Amino acid sequence: MKDRLFIQEVSVRDGFQIEPRFIPTEDKIRLINALSLTGLSKIEVTSFTSPRAIPALADAEVVMCEIDRIPGVIYAALVPNARGCERALDCKVDEINVFMSASASHNLANLRMTPEQSLAQFRAIAAQATGHAMLNASLSTAFGCPFEGAVPPELVLQRVGEFADMGMQGVSLCDTTGMANPTQVAHLCEAVLARWPELTVTVHFHDTRGMGLANALAAWQTGIRHFDASLGGLGGCPYAPGASGNVCTEDLVHMFQAMGCQTGVDLERLLAAAATLPALVGHELPGQLLKAGPSTRLHPLPQQA
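Below, the structure is looked at part by part. (Residues numbered from 1 in each chain as written. Predicted model: local features only at pLDDT ≥ 70, side-chain atom pairs only at ≥ 80, totals over all residues. Heavy atoms only, no water.)

Description of the overall build of the protein chain
Part 1 of the reasoning: Each helix and strand counted, the protein chain has 13 helices and 8 strands in total.
Part 2 of the reasoning: For 305 residues, the compact-globule estimate of 2.2 N^0.38 gives 19 Å, and the protein chain sits close to it at 19 Å.
Part 3 of the reasoning: For the protein chain, the spread of C-alpha atoms along the three principal axes comes to 70 × 40 × 35 Å.
Part 4 of the reasoning: The buried share of the protein chain, reckoned over its 305 residues, is 56%.
Part 5 of the reasoning: Residue pairs in contact within the protein chain that sit at least 24 positions apart in sequence constitute 75% of those at least 6 positions apart. (Helix = DSSP H or I, 4+ residues; strand = E, 2+ residues; numbered from the N terminus. Rg over C-alpha atoms; globule rule 2.2 N^0.38 Å. Buried < 20%, exposed > 50% of the residue type's maximum accessible area, 1.4 Å probe, protein only. Contact = heavy atoms within 4.5 Å.)

Printed below as a string of structure tokens:
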């Protein structure tokens, strides 16, 4: 059995936030409670952004306060500013996740801030949250920007160093629009792990161009052990219109378990949760395992004519 991997679910935040129809609060709570029983190590429950900015997550406080928390599962929330951090801490979140882009143009388009403004905000949130919750910084467009193209690895490393200096315990390298390739992923992950062995490094891949699982495998081969994923492959990015969403949780778990890796996830329970998603969001999802079943599932021999 290989090293333990940590699978971190983002569908109820990253996925639901771009869905055109509001997912009822009670359905969110029911799904999160089901996911908590699957063995996932972390669930990013919601985002404490302004309800005007993201109406789909306007029920952040209710969801975070009413879910059934399972010991051993980290319940995280995305936080955009000091007010959002205050709201999240009032709900006793386990982890605060702050976010910015590696590329200046994407940061301006997505957050309406310069990178320097985002970093100043990070420092304020870190001071606010230290001693109350764990801190993780997510770096979008770490592998490429839809406006600028290639992002220099040196810039990514600079940002990670700034996060570490602020006291962040973790950093997520995010392939926001699915521009990464396995060779690039391996080089960047190796560099980050070598320079900051004390950081918990997560990779967050989108399957925009069908390379999500290949990129996850490349990251694993360098020593990465924390992976974000989204149930059913739910999610996407407004700057990649029509593209598939995040790496599918059940597909990722199936791949690693077939390789002999320990994920701690009950795949059948995970598939049962995934099976509820199409009716919940009102459309089919790109995940493959729910359609084909695990490779261990055998079928009867066809009847001979």
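With respect to the pattern of salt bridges
Part 1 of the reasoning: Throughout the structure, instances matching the rule amount to 10 salt bridges.
Part 2 of the reasoning: Here Arg 225 and Asp 3 are joined by a salt bridge, their closest N and O atoms 3.6 Å apart. Here Arg 225 is found in the loop between α9 (212-222) and β8 (226-229), whereas its partner Asp 3 is found in the segment before β1 (6-9), with 222 residues between them in sequence.
Part 3 of the reasoning: The exposure class assigned to Arg 225 is buried, which follows from its relative accessible area of 19%.
Part 4 of the reasoning: In this structure, Arg 297 engages Glu 268 in a salt bridge whose closest nitrogen and oxygen atoms are separated by 3.6 Å. Of the two residues, Arg 297 is situated in the segment after α13 (289-292) and Glu 268 in helix α11 (residues 267-274); the sequence distance between them amounts to 29 residues.
Part 5 of the reasoning: Classification of Arg 297 as partly exposed rests on a relative accessible area of 40%.
Part 6 of the reasoning: Here the salt bridges do not stand alone but share partners, grouping Arg 13, Asp 14 and Glu 44 into one network. (Salt bridge = Lys/Arg side-chain N within 4 Å of Asp/Glu carboxyl O.)

Things to note about the nonpolar core
Part 1 of the reasoning: Ranked by size, the top nonpolar core spans 94 residues in total, and within it Phe 16, Ile 96, Phe 163, Leu 173 and Phe 227 carry the most contacts.
Part 2 of the reasoning: Aside from chain neighbours lying at most four places away, what touches Phe 227 is Leu 5, Phe 6, Ile 7, Gln 8, Thr 202, Val 203, Ala 216, Ala 219, Trp 220, Leu 252 and Phe 256. (Core = buried A, V, L, I, M, F, W, Y, C linked by side-chain atoms within 4.5 Å.)

Focus on unusual backbone geometry
Part 1 of the reasoning: Unusually for a residue other than glycine, Arg 112 sits at a positive phi of about 60°.
Part 2 of the reasoning: Among the secondary structure elements, Arg 112 is positioned in the loop between α5 (104-111) and α6 (115-129).
Part 3 of the reasoning: The backbone of Thr 141 sits at a positive phi, close to 50°, despite the residue not being glycine.
Part 4 of the reasoning: Considering the arrangement of structural elements, one finds Thr 141 in the loop between β5 (134-140) and α7 (153-165).

As for the environment of Arg 83
Part 1 of the reasoning: Tracing the backbone through its elements, the reader meets Arg 83 in helix α4 (residues 82-90).
Part 2 of the reasoning: A relative accessible area of 48% means that Arg 83 is categorised as partly exposed.

Some words on the side chain of Ser 47
Part 1 of the reasoning: Within the secondary structure, Ser 47 is located in strand β2 (residues 42-47).
Part 2 of the reasoning: Excluding its chain neighbours within four sequence positions, the residues that come into contact with Ser 47 are Arg 13, Leu 57, Ala 60 and Leu 78.

Overview of the pairing of strand β7 (residues 200-205)
Part 1 of the reasoning: Of all 6 residues in β7, 5 are buried; the element is thus mostly enclosed.
Part 2 of the reasoning: Since strand β6 (residues 170-175) and β7 lie parallel, the crossover through helix α8 (residues 182-195) that links them has a hand, and here it is right-handed.
Part 3 of the reasoning: Two strands pair when backbone bridges link them, and β7 and β8 are joined in this way by 2 bridges, in the parallel orientation. Bridge pairing in β8 places Val 203 opposite Phe 227.
Part 4 of the reasoning: Traced from β7 through α9 to β8, the parallel crossover comes out right-handed. (Right-handed = clockwise from strand over helix to strand, strands pointing away. Pairing = 2+ DSSP bridges.)

As for the sheet that holds β8
Part 1 of the reasoning: With respect to topology, 8 strands assemble into a closed barrel ordered β1-β2-β3-β4-β5-β6-β7-β8, the strand pairing being parallel. Neighbour to neighbour, the strand axes of the sheet diverge by 25° on average, direction disregarded.
Part 2 of the reasoning: Along the sheet face, helix α2 (residues 25-36) touches β1, β2 and β3 (74-78) and points at about 165° away from the line of β2.
Part 3 of the reasoning: Sitting on the sheet, helix α10 (residues 249-258) touches β1 and β8, and the angle it makes with β8 is about 145°. (Axes fitted to C-alpha atoms, helices over the stretch in contact; angles between N-to-C directions.)

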